[in-house]
Amino acid sequence: MQLVSKTKRVVEAHLNNSSIRALSGSMIAFEGQVSFKSAGFGGGDGLLAGIKQKATGEGLSLMECTGTGVVYLAQDAANVTVVDLTGETLQVESQQLLALTPNLSTNITFAGVRGGMSGQGLFTTTVTGQGQVALLSKGGPLIHLEVSPQFPLVVDPDAFVCARGQLSQSFVTDVSWRSAMGQGGGEAFSLRWDGTGVVSIQPAER
């Protein structure tokens, strides 16, 4: 099977007696003999995935599309980007994941604690293996930013979409720019990425 960008807001899943997992409710049309069923959550398989989703609030409601034909996928008129994975791990904000090919596995990892006041946990969905992922972005196409040991990257968590490569993530809490931009409510923090890799962001905040 293959994911093909139809337009900047629609992706085609070409099925040949195969299947794909996609965000529940994202099918806008299909051609051929295709069946649909719930695929649970994106935190792994079975009961464990449900427990993780309940505990973390981070999870994907997925459907499985199986058969032969073409399924057209879109979500809220957001931009869609197809990313090819060749065995590496993609860290992605679950809200930005539209579809993934069946040979990819998903999990939820603990990314840290947001702040001392709330102690709120932050969790990241990881996608691992060889295949294709369709990602959503608001405000325009994804912006890919390279990270190198000499140039670490700090991003707004509401703009972060995904990251891949030999990267480590940490939190920057002593930032003042959110207050300067009129977003001073709550505990301000940003995501810092060190190492070598690519971080993708969207030109709009969640």
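Residues numbered from 1 in each chain as written. Predicted model: local features only at pLDDT ≥ 70, side-chain atom pairs only at ≥ 80, totals over all residues. Heavy atoms only, no water.

**A short note on the nonpolar core**
- Counting residues in each nonpolar core, the largest one holds 18 residues, and the members touching the most others are Leu 73, Leu 98 and Ala 99.
- The set of elements that each furnish at least two residues to this core consists of strand S2 (10-23), strand S4 (62-73), strand S6 (97-100) and strand S8 (121-137).
- Element by element, the count of residues in this core is highest for S2, at six residues.
- When residues no more than four places from it in sequence are discounted, the contact partners of Leu 98 are Val 11, Arg 21, Ala 22, Leu 23, Ser 26, Leu 73, Ala 74, Gln 75, Val 80, Ala 134 and Leu 136.
- In terms of nonpolar packing, the next biggest core, distinct from the first, is built from 13 residues, Val 92, Val 133, Leu 135 and Cys 162 among them. (Core = buried A, V, L, I, M, F, W, Y, C linked by side-chain atoms within 4.5 Å. Buried < 20%, exposed > 50% of the residue type's maximum accessible area, 1.4 Å probe, protein only. Helix = DSSP H or I, 4+ residues; strand = E, 2+ residues; numbered from the N terminus. Contact = heavy atoms within 4.5 Å.)

**As for the side chain of Ser 19**
- Checked against the element boundaries, Ser 19 lands in strand S2.
- Residue class for Ser 19 comes out buried when judged on its relative accessible area of 13%.
- If sequence neighbours within four positions are ignored, Ser 19 has contacts with Met 1, Glu 64, Cys 65, Thr 66 and Pro 102.

**Focus: the side chain of Ser 137**
- Structurally, the position occupied by Ser 137 is in strand S8.
- In this structure the side chain of Ser 137 is engaged in a polar contact, spanning 2.7 Å, whose partner is the backbone oxygen of Gly 140.
- What Ser 137 contacts, discounting residues up to four positions off in sequence, is Ala 78, Asn 79, Gln 96, Leu 142 and Gln 202. (Polar contact = N/O pair within 3.5 Å; in protein donor to acceptor, adjacent residues only side chain to side chain.)

**Description of the pairing of strand S12 (residues 190-201)**
- Where strand S9 (residues 143-147) and S12 come together, five bridges link them in antiparallel fashion. Looking across to S12, one finds that Leu 145 is bridged to Val 199.
- Inspection of the sheet shows strand S10 (residues 153-155) paired to S12 by three bridges, in the antiparallel sense. Looking at the pairing, Val 154 lines up with Arg 192 of S12.
- As defined by bridge partners, strand S11 (residues 160-172) adjoins S12 across 12 bridges and the pair is classed as antiparallel. Bridge pairing in S12 links Phe 160 to Ile 201. (Pairing = 2+ DSSP bridges.)

**Digging into the pattern of salt bridges**
- Counted by the stated rule, this structure contains four salt bridges.
- Close ionic contact of Glu 12 with Lys 6 constitutes a salt bridge, the shortest N to O distance being 3.7 Å. (Salt bridge = Lys/Arg side-chain N within 4 Å of Asp/Glu carboxyl O.)

**Quick word on unusual backbone geometry**
- Even without glycine at this site, Asn 17 takes up a positive phi of about 55°.
- In this structure, Asn 17 sits in strand S2.
- Residue classification places Asn 17 among the exposed residues on the basis of a relative accessible area of 68%.
- With a phi close to 60°, Ala 77 is a non-glycine residue in the positive phi region.

**Some points on the packing of aromatic side chains**
- The full count for this structure, using the stated rule, is two aromatic pairs.
- Consider the rings of Phe 160 and Trp 193, whose centres lie 5.3 Å apart with planes at 25°: the pair is stacked. Residue Phe 160 is located in strand S11, and its partner Trp 193 is located in strand S12; the two are separated by 33 residues in the primary sequence. (Phe/Tyr/Trp six-rings, centres within 6.5 Å; stacked < 30°, edge-to-face > 60°.)

**Description of the confidence of the model for the protein**
- Mean pLDDT over the protein stands at 82; residues scoring 70 or higher make up 75%.
- Within the protein, no element has a lower average pLDDT than helix H1 (residues 46-56), which sits at 46, and none a higher one than S9, at 96.
- Every residue in residues 54-58 is under pLDDT 50, and counting partners more than four places away or in other chains gives nine contacts.
- In the predicted structure, residues 113-121 sits below a pLDDT of 50 and forms 15 contacts with residues beyond four places in sequence or in another chain. (pLDDT = per-residue confidence, 0-100.)

**Overview of the environment of Val 10**
- With respect to the helices, strands and loops of the structure, Val 10 is situated in strand S2.
- Separated by 63 residues in sequence, Val 10 and Leu 73 have C-alpha atoms that sit 5.7 Å apart.

**Looking at the environment of His 144**
- Structurally, the position occupied by His 144 is in strand S9.
- It is 5.9 Å that separates the C-alpha atoms of His 144 and Val 199, two residues lying 55 residues apart in sequence.
- Setting aside residues up to four positions removed in sequence, His 144 forms contacts with Val 198, Val 199 and Ser 200.
- Reaching out from His 144, the side chain makes a polar contact with the side chain of Ser 200 at a distance of 2.7 Å.

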